[in-house]
Amino acid sequence: MRSYRAWAAGLLLAPLVACAAPAAHNDHSGTASASQQAYENGMNAMHGDMMQAVKSSDPDIAFAQGMIAHHQGAIDMANTELKYGKDPAMRKLAQEIIAAQQPEIERMQRWLAEHPAK
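Keep in mind the model is a prediction, meaning the values are calculated, not measured.

> When you look at the pattern of salt bridges in this model, what are you seeing that I'm missing?
Note on pairing: side chains with opposite charge can pair once their charged atoms come close. Counted by the stated rule, this structure contains one salt bridge. Linking E96 and K92 is a salt bridge whose minimum nitrogen-to-oxygen distance equals 2.4 Å. Of this pair, E96 and K92 both sit in helix α4 (residues 88-114), four residues apart, which is roughly one turn of that helix. Owing to a relative accessible area of 40%, E96 belongs among the partly exposed residues under this scheme.

Structure below.
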């Protein structure tokens, strides 16, 4: 059981490690554009929520909560693209991300409601 938990935690933490290291080098100290600030705020919220999720001792709950945070982060980034982005292909992709991931969030939220933590 311990190795499964370690694997699940690693699965959820891997994107954080990959994203957190570059973020540490991007301290804009007040010089960030509005889009940079929006992306950074979204990433910080996502990372915090994902880290909170992995604290669950139930790997299924940790997965669902972590993925909700991950998907919400993607939706937040997509909304930032729609607000600030100009490229039609990227704007279309942002809309597709929202359309795909919002129903998945709702599915995981329903699962969590049906499987409360013990």
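> Sorry, what's going on with the nonpolar core here?
As a rule of thumb, nonpolar side chains are buried together in soluble globular proteins. In terms of nonpolar packing, the biggest core is built from eight residues, these being I61, A64, M67, I68, I75, I105, M108 and L112. Secondary-structure elements contributing two or more residues to this core are α3 (59-84) and α4. Here this core gets five residues from one element, more than from any other, and that element is α3. For I61, the contacting residues outside a window of four places in its chain are S56, W111, L112, H115, P116 and A117.

Reading the values: the criteria
Residues numbered from 1 in each chain as written. Predicted model: local features only at pLDDT ≥ 70, side-chain atom pairs only at ≥ 80, totals over all residues. Heavy atoms only, no water. Salt bridge = Lys/Arg side-chain N within 4 Å of Asp/Glu carboxyl O. Helix = DSSP H or I, 4+ residues; strand = E, 2+ residues; numbered from the N terminus. Buried < 20%, exposed > 50% of the residue type's maximum accessible area, 1.4 Å probe, protein only. Core = buried A, V, L, I, M, F, W, Y, C linked by side-chain atoms within 4.5 Å. Contact = heavy atoms within 4.5 Å.

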